[in-house]
Structures are given as structure tokens and as C-alpha cells.
Amino acid sequence: MTDTAISSAPPADRGRTGRMIVYAVVFAIGLALAFAPFLFQDVRSSQVAARICVFIVLAASYDLLIGYTGIVSFAHTMFFGLGAYGAAIALKGMGPGWSAVLVGGGAGVIVAIVLAVLIGVLSLRVKAIFFAMVTLAAASVMMVLASQFSQFTGGEDGIVYKAPDLFKPAAKLLTDGDGKVLKLFGVSMNGKIAAYYFVFLCCFVLFLALIRIVRSPLGTVLEAIRENEMRAEAIGYRVVAYRTSVFVIAAVIASLAGTVWAVWLKYTGPETTLSFAIMIDILLMVVIGGMGTMVGAVIGVVLMSLAQFYLKDLMEAASSATANIPLVPNLLDPDRWLLWLGILFILLVYFFPAGIAGTLMKKGSHR
Amino acid sequence: MTAPSIETRDLTIRFGGHTAVDAVSCAFQPGELTVIVGPNGAGKTTYFSLISGQLAPSEGRILKGGDDITRLSPSARAKAGIGRAFQLTNLFPKLSVLENVRLAVQAKHGIGPRLFRPASSFRTVADKAYQHLKATRLDDVAGLPAAALPHGDQRKLEVALLLAMEPDIFMFDEPTAGMSVDEAPVILELIDEIRKDTSKTVLLVEHKMDVVRALADRIIVLNNGELVADGPPEEVIAMPIVREIYLGIPADEAAA
Ligand SMILES: Nc1ncnc2c1ncn2[C@@H]1O[C@H](COP(=O)(O)OP(=O)(O)O)[C@@H](O)[C@H]1O
Ligand SMILES: [Mg+2]
């Protein structure tokens, strides 16, 4: 008996330290994002930080579908786009202001709910592969619509508009005695700061809501449906109703994330919201972070975003540093960054088969 | 007379040309434990699947307390009080033993859709789940993923899920198959407990004759999907046809 006690202790222990590491990393990322404007003061960094915030929500809400419930959807960017275009069209039409954000964001959410219910009720009964195809079709139709109705959507060019006045760079949040913008730790308390914290706080709240959902009784039911749909139904859960509800919840959260993104960017177009390239990004982020973990989304998004934004720079530096060595600088040429990104992914998937958080926390890897 | 707790009328299902359950009409009363016997492939498990709704019949009807439930979904039947433990273990493998049982308790108490509260804060649900784990002697392994349990414990968990559903109708499909000699009595005692509750109906598929003798109020025999015998245990066990198909003894020898 002592035998089993000894042999079973280490894996459980490894799971615990792994969990500690994951939570520590996620906490550190949270802190870095919370103080990003003070820690990284250039324009590019604030863009990266805001994108990370929005994509954490987007990837986490996608994890709710694919990781927790086992629903494969390709329409997540469609819902993201609905929220973004809603806000963009309203801000363009009604002029910059909070009412435009509310009306546009609200309209995006309503359309997202209607579409999610329709897609869910019509096709969540059928096989997963058909459902995935239906979402793919819906997303394609939405892209065509966005480019066809160019008088509303700006077509391929997208829409440029102004954000609410509070977010204008000239806006003064805090002033010193002379009525000039106050600087805190060398950072001007202007509209840029306000815009970043608007993004950060909205995303923080949405992410907490997602965490709440997966820790609630509903979260366990979703996992049960993923694990064994037939038994979940047999103990009294209406599987189709649960699937449809979670599809709607994920759609609403994606749509809200889209609105936040649109307000931050002051531009909305197919490339920033609807494109399949973003859909693939989200999928990779969730897979790399660890499906069915929520916190994995945080790690996946940060890794991917940093790689996408900074790998080229890093390679540029490495390439010039190795300029005297044959062949190496060619391999490290910044134009080959996608190749290296690909190699990075393959290595990650190889060493972390359940995603980084998933593998470290020993989630989904008991067998 | 009150309506039987569960009744099937001419219940039939065909798979292609093969009739797995063939016009079975049978009624079960509250407070009654019926053992269903029959050789492998007789249609016992299929009969259960028809009653609990995983399969839709080709013909015939199913009534619960006089109401037609033939068209209800499996979840609706579970809510209506029909519970089933599966012959082939059918759990949520990556979830913990406690979560497995908690899910069933949660479904019964209607808090599945609750969103913004941690699952662990529903005390009564957790307490109930623990009670069922204690009853099935699984409380020591509550935190392990179901997939990590040895076979015998998985069978017990299968039963714990059924208990947690708190149904009126319990269907056990060879609950002790593959269990060790010291594990089986725990389950059999639990079934005996349920039997003593006169409001519950128990259907039990079981092969071991000593168990059948100890528990059965009534035995029905299925063969090739047909109901071939139905009656008190001593009577049915003594029938030549039962001895022939069930014990593999030719009828003339059995009579001798
Ligand atoms: N889903 C199915 N498709 C086709 N044939 C099936 C299916 N389920 C059961 N059968 C057949 O129905 C018959 C009865 O099976 P089953 O109910 O499992 O028998 P038992 O539980 O009495 O051993 C068997 O011949 C089996 O092969
Ligand atoms: Mg069987």
C-alpha cells in the first residue's frame, strides 16, 4: 500500500507546482497589462498591450466553446466583427460619443444573439463537422456582406471614425496647477491613457465573467457534455439547449470584445475583425495556451502576439549580429519570420501536447 | 388500481432486419424488484435503452404512471424519474469522481444552468454527492479523475451516478459484472435498500443465480428479443424453457 502512496504522490505534486507556475505567470501578465502604459511607454507597445487585452477575451471566449464544450466553430471572428462594425457604423453615423458606442455595441450584441441562436438551434443537433461547416459558411457570407454593402461598411477599405472625446490624445484627465496635463511617473494623463484603461478594464471584467462561468455549475455541465454527451443527456441535461446557450454566451462576449477593439482602433475593416487569418490566430492561441483551461488563453495570446510583433525585430538583430558567419544570417533574415514562427509552434505542440497551461496543470492529460 | 410505474406495450425495435426487442408488453409496479434474465444478445440492454430513451422504438409505447413518454428525450425521462446505470461504464472520464456525482445531483436539483456562482459553493449539492460516494465506498477517491479508477470502482461510480439521480425507477444493467467478491456485496446491499422503499421500482439485469434468488420479487425472461417467461422467482427458475435457454440445459434433461 505504501507503494501506491509513493508512486502516486509525484504526479499530483507535479500538477500542483505546474499550476502554481501557470498562475504566477498569468498573474505577472495581468500586472504587466495593468501597468503597461507606465512600463512600456512607446506607441507600438501600447498597441500590442491593447491587442493582447482584447484577444485574451476573444481567445478565452473561444476556449469556452472549443475547450470546455467541445464545439468547433469558425464563426467567432464573425461575432467579433459584428460588435466592431456595430460600434464603427454608429460612431461614423452618430458622431463620436458614448451613446454611439452603446447603440452600436448593443446592436452588435443583438445581431450576434439572433445569429447564434439561429445557427445553434438549426445545427447544434447535427454532427460536429456539419456544425463547423455551417459556421464557416456563415462567416464567409458575413465577409461577403461586409464587402458588398460598402456604403455602410466601407467595403474592403473599412471605416475610419473618431472615438469618444475622452480618448482624444488632447483630452486632459488630470491637470497640474497651470492647467497642463499632469504627468505621473513620466506618463501624461491624457486621452491615450484613458483609452488604454477603457480597453483594459472592459477586457478584465469580461475575462472575469468567463472565469466565473467555467467555475459555476454550468461550467461543469459543459465539460460533462464535452466528455460524454450521451451520459450528460441521460442524467437529465438537455444537451442541445446547453450547447446553444454557450454558443450564444461566447458570441455575445466576442461581440463586446469587438466593440472595445473598434473603439480603441478608431478603424474597423475586414482585416482587423472578420478575416479568417484572425480566426486561425485565435485557434492557435487557444491550442498553444491549452484548451479547456481559460488561463491558457492568456498565455497563448501573449506568446503569439509577442512573436507576431517582435520576432521580426529579434531576427533582424540576430541576423546583423551574425553577419560574419556564413549561412546563419540568411536563415535569420527577418523575411523568414513566418518559418521560425512555424517551427516555434511545432516545438510548442510537441513539448506541450495539451497546450502550455494544460500540460503544466496536468489538465486533460490523464490517460 | 393505480397505473404501473412503468409499462411497455408491444415495444419493438429492429436494427435492419434484426428484431432486438420484439413486441414486449410488460408492467412494473412500485415496490417491486424485477430481475431480467436471458442469454447474451437477448435484448436486455436494448430494452433498457428504449425505456430510458437512448433508442427510439420501431413500434409500441412506453408509459410512466399511465402517461405516454414514448416521444420524450432521454433528459426529459431522467427528469421524470427514470434512472439507469449502464452495462458498459459510461462516465465523464476526465472529471473527478466527485464532479461526476455532483453533476447528477445538480441535474436533479435544477442548478445546472446557474451561472455566476462557483459550483463548489452549492453546499447541499456537494454534501449529497459525498453521501452517495460514501454509500458506494468511493469517498476515498473523490478527487481522482474517473478514468484513473480501477474497473471495480468505475462500476461503483456508475451506480453512484444512478443513486444521485434519485429516480423512481432504477435500472441496473449487470451492476456487479467484473467486480471482485468483496466489492459486489456493497452494491447488492444498496439495491436491497432501494427495494425496501415501496415507492421505488427496480429493474435489474443479473446473471448470478444466488443474487437473483436473494433479491428478485419477480423474474422476466427475454430470449431473441421476446418476453418468454414472467412470474415469481421459484416458478420461473423451475420452468424448462428457462433452464434450457438460460442455463444451457436441454428441456428434456431439465425436466428429468
Ligand atoms: N445499435 C445497435 N445496432 C445494431 N444492432 C444492435 C444495436 N444494439 C444492439 N444490437 C443487437 O441487438 C441484440 C440485443 O443486444 P443487447 O440488448 O445488448 O443484448 P443483451 O443486453 O441482452 O446481451 C444483439 O444482437 C445486438 O447485436
Ligand atoms: Mg446487455
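Residues numbered from 1 in each chain as written. Chains lettered and ligands numbered in written order. Predicted model: local features only at pLDDT ≥ 70, side-chain atom pairs only at ≥ 80, totals over all residues. Heavy atoms only, no water.

*Asks:* Any chance you could explain the overall build of chain B here in plain terms?
*Replies:* Within chain B, the regular secondary structure consists of 10 helices and 10 strands. Here the C-alpha radius of gyration of chain B, 19 Å, is about what a compact globule of 256 residues would show, namely 18 Å. Taken along its principal axes, the extent of the C-alpha atoms in chain B is 65 × 40 × 40 Å. Buried residues in chain B amount to 54% of all 256 residues. Per element, the accessible surface of chain B, about 10900 Å² overall, is 52% carbon and sulfur. (Helix = DSSP H or I, 4+ residues; strand = E, 2+ residues; numbered from the N terminus. Rg over C-alpha atoms; globule rule 2.2 N^0.38 Å. Buried < 20%, exposed > 50% of the residue type's maximum accessible area, 1.4 Å probe, protein only. Areas by Shrake-Rupley, 256 points an atom, 1.4 Å probe, with all protein chains shown as cover.)

*Asks:* Teacher, can you tell me more about the coordination of the magnesium ion (ligand 2) here?
*Replies:* The textbook angles at a metal center are 109.5 degrees for a tetrahedron of four donors and 90 or 180 degrees for an octahedron of six. Summarising the metal site, the magnesium ion (ligand 2) is bound by the protein donors T45 of chain B (OG1) and Q87 of chain B (OE1), whose distances to it range over 2.0 to 2.1 Å. Taken as a pair, T45 of chain B in helix α1 (residues 44-52) and Q87 of chain B in the loop between β6 (82-85) and α3 (97-108) lie far apart in primary sequence, 42 residues in all. (Donors = N, O, S within 2.8 Å, 3.2 Å for Na, K, Ca; no water.)

*Asks:* Looking at this model, I keep getting lost on the sheet that holds strand β4 (residues 59-64) of chain B. Mind explaining?
*Replies:* Residue and element names in this part refer to chain B. The strand order across the open sheet formed by 4 strands is β2-β1-β4-β5, and the pairing between neighbours is antiparallel. Edge strands, defined here as strands with exactly one partner in the open sheet, are β2 (18-28) and β5 (67-68). Pairing of β4 with β5 involves 2 bridges; the strand directions are antiparallel. Residue pairing across strands places K64 opposite D67, the latter belonging to β5. Against the sheet, α1 contacts β1 (6-15), β2 and β4, and its axis sits at roughly 115° relative to β1. (Pairing = 2+ DSSP bridges. Contact = heavy atoms within 4.5 Å. Axes fitted to C-alpha atoms, helices over the stretch in contact; angles between N-to-C directions.)

*Asks:* Sorry, what's going on with the nonpolar core here?
*Replies:* Within soluble globular proteins, side chains that are nonpolar tend to cluster in buried spots. Counting 139 residues, the largest nonpolar core has F79 of chain A together with L157 of chain B as the members making the most contacts within it. If sequence neighbours within four positions are ignored, L157 of chain B has contacts with L91, V97, N100, V101, L133, L138, A146 and L149 of chain B. Counting 28 residues, the second-largest nonpolar core is a separate cluster that includes L33, M179, I194 and V221 of chain B. (Core = buried A, V, L, I, M, F, W, Y, C linked by side-chain atoms within 4.5 Å.)

*Asks:* Before we go on, may I ask you to explain the sheet that holds strand β7 (residues 169-173) of chain B in this structure?
*Replies:* By way of backbone hydrogen bonds, the strands of a sheet pair with one another, either parallel or antiparallel. All names here are of chain B. With mixed pairing, 6 strands are arranged side by side in an open sheet as β6-β7-β8-β3-β9-β10. What marks the edges here is a single partner per strand, and that holds for β6 and β10 (226-231). Each adjacent strand pair in this sheet contributes to an overall mean axis angle of 20°, direction not counted. As paired strands, strand β3 (residues 33-37) and strand β8 (residues 201-205) are joined by 4 bridges and run parallel to one another. Counted as the bridge partner of I36 is V205 from β8.

*Asks:* Is there a simple way to think about the pairing of β1 of chain B in this case?
*Replies:* Residue and element names in this part refer to chain B. Alignment of β1 against β2, held across 7 bridges, turns out to be antiparallel. The residue bridging L11 from the neighbouring strand is V24, located in β2. Taken together, β1 and the strand that follows it, β2, pair antiparallel across an intervening segment of 2 residues, in which G16 is found at a positive phi of about 60°. Of the strand pairs in this sheet, β1 and β4 are connected by 5 bridges, and their pairing is antiparallel. Residue pairing in the sheet places E7 in a bridge with L63 of β4.

*Asks:* Explanation requested: the confidence of the model for chain A in the structure shown.
*Replies:* Should the pLDDT be low somewhere, the predicted coordinates at that spot are not to be read in detail. All names here are of chain A. Taken as a whole, chain A shows an average pLDDT of 86; of its residues, 94% reach a score of 70 or greater. Looking over chain A, one finds the lowest element-wise mean pLDDT in helix α1 (residues 2-34), namely 72, and the highest in helix α11 (residues 239-265), namely 95. Note on residues 1-11: pLDDT is under 50 here. Beyond four places in sequence and across chains, it has 0 contacts. (pLDDT = per-residue confidence, 0-100.)

*Asks:* Is there a simple way to explain the side chain of K200 of chain B in this structure?
*Replies:* Residue and element names in this part refer to chain B. As for its position among the elements, K200 is in the loop between α6 (184-196) and β8. With no salt bridge to any partner, buried K200 finds its closest opposite charge in D168, at an N-O distance of 4.3 Å. A distance of 3.2 Å separates a polar atom in the side chain of K200 from the backbone oxygen of P167. (Lys, Arg positive; Asp, Glu negative; His and termini not counted. Salt bridge = Lys/Arg side-chain N within 4 Å of Asp/Glu carboxyl O. Polar contact = N/O pair within 3.5 Å; in protein donor to acceptor, adjacent residues only side chain to side chain.)

*Asks:* I'm lost on the packing of aromatic side chains in this one. Help?
*Replies:* Pairs of aromatic rings are described using the distance from one ring centre to the other and the angle between the two planes. All names here are of chain A. Counted by the stated rule, this structure contains 16 aromatic pairs over all chains. Centre to centre, the rings of Y196 and W264 are 6.4 Å apart; their planes meet at 80°, and the pair counts as edge-to-face. Of this pair, Y196 sits in helix α8 (residues 191-215) while W264 sits in helix α11, placing them 68 residues apart in sequence. Residue classification places Y196 among the buried residues on the basis of a relative accessible area of 2%. Judged by relative accessible area, which is 8%, W264 ranks as buried. One aromatic cluster is present, formed by Y196, Y197, F200, F204 and W264 through successive ring pairs. Here the guanidinium or amino end of R51 rests over the ring plane of F55, the centre of that ring lying 4.3 Å away. (Phe/Tyr/Trp six-rings, centres within 6.5 Å; stacked < 30°, edge-to-face > 60°. Lys NZ or Arg CZ within 6 Å of the ring centre and 35° of its normal.)

*Asks:* How should the pairing of β6 of chain B be read in this particular structure?
*Replies:* Moving residue by residue along a regular strand, the side chains alternate between the two faces of the sheet. Residues and elements named next belong to chain B. The side-chain alternation of β6 yields two buried faces, one formed by I82 and R84 and the other by G83 and A85. Where β6 lies against β7, 4 bridges are found, and the strand directions are parallel. Paired with I82 across the bridge in β7 is I169.

*Asks:* For this particular structure, what's the right way to read helix α12 (residues 276-289) of chain A?
*Replies:* An α-helical turn contains 3.6 residues, so any two residues separated by three or four positions project in the same direction. Residue and element names in this part refer to chain A. With 14 residues, α12 should reach 20 Å at 1.5 Å per residue; the first-to-last C-alpha distance of 20 Å fits that figure. Inspection of α12 places I278, M279, D281, I282, M285, V286, I288 and G289 among the buried residues, and these make up the whole buried set. If you follow the buried residues of α12, they end up packed against α3 (43-69), α4 (76-94), α13 (295-321), α15 (337-351) and α16 (356-360). (Expected span 1.5 Å × (residues − 1).)

*Asks:* How do you make sense of the domain arrangement of chain B when you look at a structure like this?
*Replies:* Interface size is commonly expressed as the accessible area that is lost once the parts come together. All names here are of chain B. What the domain assignment lists for chain B is domain 1 (1-81 + 170-181 + 198-256) and domain 2 (89-166). With 11 residues of domain 1 at the interface, the matching set in domain 2 holds 9 residues. Approximately 740 Å² of surface area, both sides summed, lies buried where domain 1 meets domain 2, with 69% of it carried by carbon and sulfur atoms. Counting across the interface, domain 1 meets domain 2 through 0 salt bridges. Here domain 1 and domain 2 share 1 residue pair in polar contact (both at pLDDT 80 or more) between them. Secondary structure elements with two or more residues in the side of domain 1 that touches domain 2: α2 (74-79) and β7. Top contributing element to the side of domain 1 that touches domain 2 by residue count: β7, with 4 residues. Of the residues belonging to the side of domain 1 that touches domain 2, the class tally is 7 nonpolar, 1 polar and 3 charged. (Domains from an automatic or database assignment. Buried area = accessible area lost by both parts, 1.4 Å probe. Nonpolar A, V, L, I, M, F, W, Y, C, P; charged D, E, K, R; others polar.)

*Asks:* Sorry if this is basic, but what is going on with the pattern of salt bridges here?
*Replies:* Opposite charge on two side chains makes pairing possible when the charged atoms of those side chains draw close. Residues and elements named next belong to chain A. Counted according to the given criterion, the structure contains 19 salt bridges over all chains. R226 serves as the salt-bridge partner of E223, at 3.8 Å between the closest nitrogen and oxygen. With E223 and R226 both in helix α9 (residues 217-227) and 3 residues apart, the pair spans about one turn of that helix. By relative accessible area, which is 7% here, E223 ends up buried. On the basis of relative accessibility, which here comes to 28%, the residue R226 falls in the partly exposed class.

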